[in-house]
Each structure stands twice: as C-alpha cells, then as structure tokens.
Amino acid sequence: AQRVTQPEKLLSVFKGAPVELKCNYSYSGSPELFWYVQYSRQRLQLLLRHISRESIKGFTADLNKGETSFHLKKPFAQEEDSAMYYCGAGGTSYGKLTFGQGTILTVHP
Amino acid sequence: ETGVTQSPTHLIKTRGQQVTLRCSSQSGHNTVSWYQQALGQGPQFIFQYYREEENGRGNFPPRFSGLQFPNYSSELNVNALELDDSALYLCASRLIEGTEAFFGQGTRLTVV
C-alpha cells in the first residue's frame, strides 16, 4: 500500500536555526515526491518537488531511495516559515497524491 | 490566470442528507481531483476526473460521486451523509501531462 509518513506532528525551532522536516514513503514504482505548504489562512501550495531539484525559499529536499526518505531542510529558519508542511507522493499515470499527516513548523523569534 | 475556486466555503448538513460541492479548475487545466481532509490529517484522495470521466479513485464508497463538465469544472456529490463525512473537501486541478496540482481553498462540510 502507498504510504507517506511524517513522524513529527509538531516541530519548533528558533529563528536562524537549521530545520529538518522528516518524510518517509512506501510506494510501488517510482513515485514523484513533493512538499506542499499551507500558511495560515492560505490554500495548500506546492513548495518543491524532487524532479525539479530546486531550492525554494531556502528549502531543499533530497530524495534518498535507499532509505525511502524525502526530508525537507533549511539551514536558517525564518519566522515566515511557520506553517503546516505536507509531504506527498504521486505516480505519473494519474493524479493521485498520497499525503502524510503533516508537520506544523513554528519558528520562534 | 485564475486559480482554483470552490463553493461554498462552509456548509452544514444533517446526517442522511445529500450534498453537492463545486469546483472551478485553474484556467487551462483539464484534470480535477478531489480530496477529503479530516481534522488533523493530511488530504486523502477521493477521485479524479479527466475529460468528463473518472480515471482514478481512492478508497471511498460509491456514495461519493462526481462530475466534470466540458469547461472542466467539477462537482463532488455525497449521498446519505454520515457524521464522519465532516471534513475539509479540497479540489485540485492540473494538466494531465503534468504532476503539479493546484489546490482550492476548500469547502468545510459539517454533518450534524
């Protein structure tokens, strides 16, 4: 069964500290991995996906197929990074995305 | 470019009733997916429509059904509402060739 696990429901860091949001997946085939973010009172929006290999808002995520992980990292957290983050996996045959339960990141001043 | 819009934003229904939720996809997007997000959970895939046909379904009973119209807008219908159907319902649109999904703000359904 396809499954995405985010082990931390809550994560708190101080401004300027490094942050890592963990994501592990169990998926048949070669899924595409995503991170979506939801800021307060805003809609769910794509942060980054593994195929683009981009750094968005200072965040990066490396796909580790051996460990089936796709952790999200940022070296220096900012207060505006406080949000709910969802890791997701999807096949390319059709649009089903499987999401984790989400991690609430709080960055303290 | 217009984004994904959903209506209504909030809705209260009684157990056993039927409900219809609506979604207008982002301009140019031909594929619409629906997700259910229960409190404290990530979104769960209900189904997807492409060119007015369902082409993918998650683990939801048949009382969850949908439609897609020629202009790519979509409806989610839920019959015989149960208390556990209370959730945020999200619509997402994308191009069939692509994988990035653009989400609407959601409809908050409360079943009492």
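Data block above holds the structure.
Scope of this entry: the structure provided in the associated data block. Numbering of residues starts from 1 in each chain and follows the order in which that chain's sequence is written. Note on labels: chains are lettered from A, ligands numbered from 1, in written order. Reporting in this predicted model follows two pLDDT cut-offs: at least 70 for local features of residues, and 80 or more for side-chain atom pairs to be given and counted; totals over whole chains, interfaces and linings ignore these cut-offs and use all residues. For the side-chain quantities, the full set of heavy atoms in the structure was used; hydrogens and water were omitted.

**Topic: the interface of chain A and chain B**
Part 1 of the argument: Whether two residues are in contact is decided by their heavy atoms: any pair within 4.5 Å suffices. With 19 residues of chain A at the interface, the matching set in chain B holds 21 residues.
Part 2 of the argument: In total, chain A and chain B occlude about 1700 Å² of area from one another, counting both sides; carbon and sulfur atoms represent 49% of this.
Part 3 of the argument: For this analysis, a salt bridge means a side-chain nitrogen from Lys or Arg found within 4 Å of a carboxyl oxygen belonging to Asp or Glu. Our count for the chain A to chain B interface comes out at 0 salt bridges.
Part 4 of the argument: Between N or O atoms, a polar contact is any pair within 3.5 Å; within protein, one atom must be a potential hydrogen donor and the other a potential acceptor, and residues adjacent in sequence are included only when both atoms are from side chains. Scanning the region where chain A abuts chain B turns up 8 residue pairs in polar contact (both at pLDDT 80 or more).
Part 5 of the argument: Secondary structure follows DSSP: runs of H or I at least 4 residues long count as helices, runs of E at least 2 residues long count as strands, and numbering of each begins at the N terminus. Secondary structure elements with two or more residues in the side of chain A that touches chain B: β5 (32-38), β6 (45-49) and β10 (97-99) of chain A. The term buried area denotes the loss of accessible surface (1.4 Å probe radius) that occurs when two parts are joined, taken as the sum for both partners.

**Some words on the state of the cysteines**
All names here are of chain A.
Part 1 of the argument: In this description, a disulfide is simply a cysteine sulfur pair whose atoms lie within 2.5 Å. As enumerated under the stated definition, the model contains 2 disulfides over all chains in all.
Part 2 of the argument: Each sulfur in the disulfide pair Cys23 and Cys87 lies 1.9 Å from the other. For the disulfide bridge between Cys23 and Cys87, the dihedral angle about the S-S bond is near -65 degrees, and by the sign convention the bridge is left-handed. Of the two residues, Cys23 sits in the loop between β3 (19-21) and β4 (24-26) while Cys87 sits in strand β9 (residues 83-90), which places them 64 residues apart along the sequence.

**Digging into the environment of Phe60(B)**
Residues and elements named next belong to chain B.
Part 1 of the argument: Tracing the sequence through the fold places Phe60 in the loop between β6 (53-57) and β7 (64-68).
Part 2 of the argument: Three labels apply to residues, based on accessible area from a 1.4 Å probe with only protein chains included: buried if under 20% of the type maximum, exposed if over 50%, partly exposed otherwise in between. With a relative accessible area of 14%, Phe60 lands in the buried category.
Part 3 of the argument: Each C-alpha atom of the pair Phe60 and Thr14 lies 20 Å from the other, and the pair is 46 residues apart in sequence.
Part 4 of the argument: Discounting residues that sit within four places of it in the chain, Phe60 has contacts with Gln36, Gln44, Phe45 and Ile46.

**Points about the sheet that holds strand β8 (residues 74-78) of chain B**
Residue and element names in this part refer to chain B.
Part 1 of the argument: Spatially, β1-β3-β8-β7 is the arrangement adopted by the 4 strands of the open sheet, whose pairing is antiparallel. Single-partner strands in this sheet number two, and they are β1 (5-7) and β7. Taking each pair of neighbouring strands and ignoring which way they run, the sheet shows an average axis angle of 20 degrees. For two strands to pair, DSSP has to find at least two bridges joining them. Angles shown run from 0 to 180 degrees and are taken between the N-to-C directions of axes, each axis being a line fitted to C-alpha atoms and, for helices, limited to the stretch in contact.

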